Amino acid sequence: AERPRLRQRRGSRWVAWAFYFTIAFAVLSLFKLEPIARNFVSNDNSDPIIKETKLYSTADDPIQESNQSSSIVSDERIYSQHQSDTSTPLKQLDQCTPEQLKTIEMQLPPQDCLKYKRQPWMQRCSFTYASRCPDAIWLKDFYTQIHSETSASMKLQPPFVGIFIGCNKGFDAFNALRMGSGNKHFEKSNWRDAILKNVGGSSGLHHSVCGQDIELQFSLQENSPNDTTSDAILHCVEPMPQTYRVLNRSAVQLNITENFKVVNAAFSHKDGSVPFPKGGKVGVENKGIANCNGANDAACTNVKMYSLDTYVDENFPSNTTINYLSVDVEGYDSDVLLGGYRTALSRTQYLEFEYNWMGPWGKQKLSAIIPELENNFGFACYWPGTDGNIWRITKCFLDYYDIHFWSNVACVNRRIDEARYIAEKMENMFLDTLEKGDDAVVIGFDKIQKTTQYLG
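Residues numbered from 1 in each chain as written. Predicted model: local features only at pLDDT ≥ 70, side-chain atom pairs only at ≥ 80, totals over all residues. Heavy atoms only, no water.

Q: Pulling in residues and values, what's your account of the sheet that holds strand 8 (residues 350-355)?
A: Adjacent strands of a sheet form backbone hydrogen bonds with each other and so pair up, either parallel or antiparallel. Pairing is mixed in the open sheet, where eight strands are placed in the order 3-2-1-7-8-11-9-10. Here the strands that pair on one side only, and so sit at the sheet edges, are strand 3 (260-263) and strand 10 (390-392). Pairs of neighbouring strands in the sheet enclose a mean axial angle of 20°, with direction left out of account. Judged from the four bridges that link them, strand 1 (residues 161-165) and strand 7 (residues 324-327) form a sheet pairing that is parallel. Following the sheet pairing, Gly-162 is matched in strand 7 by Tyr-324. (Pairing = 2+ DSSP bridges. Helix = DSSP H or I, 4+ residues; strand = E, 2+ residues; numbered from the N terminus. Axes fitted to C-alpha atoms, helices over the stretch in contact; angles between N-to-C directions.)

Here's what the structure looks like:
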C-alpha cells in the first residue's frame, strides 16, 4: 500500500517542478535574453576539421588590405565587439582530434625530421621548411584594422610597446615599430640607407636569411601620420658589440632614439654579464657566447645580461602591456623565456621565438615549454607559415616536434582581451589550413614561397 502512495508523491513533485520551470522560462522570454554566441570546432566524426562558425569572411564588408597576401579579411564589427566584450573570455582550446593530428602529420611530414635528426644543422625538417620565413598575416590584419580610418576610436591604449631581443640588423624591429605606431615617419628605406652608410656599403653587412633588408615594409594608408610625435616605443636589444654600435649610430642619425631604443645587452634566465665577440661582420647571426673562451678571452668583451623580468621591471611601468615580444638568440631562447616567468610573459600580448638545436635548447624539450606557456600565461603557440598556412602546436603536439631543428614559433596570449582578434584569427587560419588537405603539404625548401610582405 505504501509503494503506490510513494509513486504518487513523486509524481506530484515532478508536476510541481515542471510548473516552476515553465514560469521561469516565461519570465526569461519577457527579457529576451539571448545566448552568447561562441566560436567552436565541430566534433562530428564525419568531418572533424570543419568550423561551424567563421569570424572573418569575405562576405562581410571589411577594409581591404592593399599589397598584402591575406586571403582572409578582417571585420571591424567583430573587432569592435571584442574590444567592448571584456566579460566573455576566450574559450579554452580543444585538444586536436585524431583526424586533425593525422592531417597535420600529412601536411608537416616527419620523414626528413627523422632522417636528419643527427644532422640538425642541415635544417631538413618539415616544420623548419614551413616556418623558416613566415608571413604574419594575423598581425598585419590586426594593425591594419587599428590604423584604418574607420577605426579611429580603436587605437592601442596605452601606445604600442615592442621588445626585440636579438635585434640583429634591426629591419624586422624597425618594421614592427612602423606597424605598431601606424606612423609613416618610420620609413624602412631610411633605416636601410643609414645602416649601409655606417658599414660602408652592402659588403660590410652580413646577408639576411629571409631578405628582410629588401622586403616591402608594412603598408599604411596615405593619410597616416608622418611626424616625430609618436609615443610608440620599441626596444632593439643586440648583444654583439659591433652590431650594436652600428644600430645605435643609425638610430641617432635618424633622430628616432625616443621611439627606437637600441640597447647593448644579453638576456638569459638570470642577471649578470656574459662575454661576446668584439668584432665580426655586422649582422652575423651564428656567432655569440659559444665563440668566447670565458670572460678573459681577449677577442671578447663582457656584456650586461638581464633576465626578461628584470629588464621589463626596470624599463616599463607595472601596468604596461608588451604588445610584441620577439626572441631570436641562437639557441638561448628557452632560457630567455624562463627569465620572464615572474611577470613579463603574463604581460605579453604576442610572442615569437626560435626553436633550435644549439645552446640550451639542445637539452630542453618543446613538449615541456609549450604546455607551460599555455598553463602559466595563456599562450597558444603555432608553427607560422606562408600562403595563409599555420599549424597549432598547443594541444596538437606530435612526437617528432621534440627533434631539435631551427624553426620559428608564434604565440598569442588568449588571456589578454586586446589580443582576442589575433587569437581568433590565428585559430581560424589553422582550421583553414587543415581544410586545404594536400594543398598545404610542406616537403622541402623548394616548396616554400616566401612573400614580399614578411614581417620577420
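Read on for the rest.
Q: How would you explain the packing of aromatic side chains if you had to name every residue and give the values?
A: In this structure the tally under the stated criterion is 25 aromatic pairs. Where Phe-127 meets Trp-383, the ring centres are 4.5 Å apart and the plane angle is 10°; that geometry is what we call stacked. In this pair, Phe-127 sits in helix 5 (residues 126-131) while Trp-383 sits in strand 9 (residues 379-384), placing the two residues 256 residues apart along the sequence. Summarising the burial analysis for this pair, Phe-127 and Trp-383 share the class buried. Where Phe-267 meets Tyr-311, the ring centres are 5.2 Å apart and the plane angle is 65°; that geometry is what we call edge-to-face. Here the residue Phe-267 occupies a position in strand 4 (residues 266-268), and Tyr-311 occupies one in helix 10 (residues 308-315), the gap between them amounting to 44 residues. For the pair shown, Phe-267 and Tyr-311 are each scored as buried. By the ring-pair criterion, three or more aromatic residues cluster together here, those being Phe-127, Phe-353, Tyr-355, Trp-361, Trp-383, Phe-397, Tyr-400, Tyr-401 and Phe-405. (Phe/Tyr/Trp six-rings, centres within 6.5 Å; stacked < 30°, edge-to-face > 60°. Buried < 20%, exposed > 50% of the residue type's maximum accessible area, 1.4 Å probe, protein only.)

Q: Break down the nonpolar core for me, citing the residues and quoting the values.
A: If you look at the biggest cluster of nonpolar residues, it comprises 105 residues, and the most contacted ones within it are Ile-104, Trp-138, Phe-260, Trp-383 and Tyr-401. A per-element tally of this core places helix 13 (residues 420-436) first, with eight residues. Those residues within four positions of Trp-138 in sequence are excluded, and the remaining contacts are Tyr-350, Pro-384, Ile-390, Ala-410, Ile-422, Lys-425, Met-426 and Met-429. Ranked by size, the runner-up nonpolar core spans six residues in total, among them Met-240, Ala-266, Val-274 and Val-303. (Core = buried A, V, L, I, M, F, W, Y, C linked by side-chain atoms within 4.5 Å. Contact = heavy atoms within 4.5 Å.)

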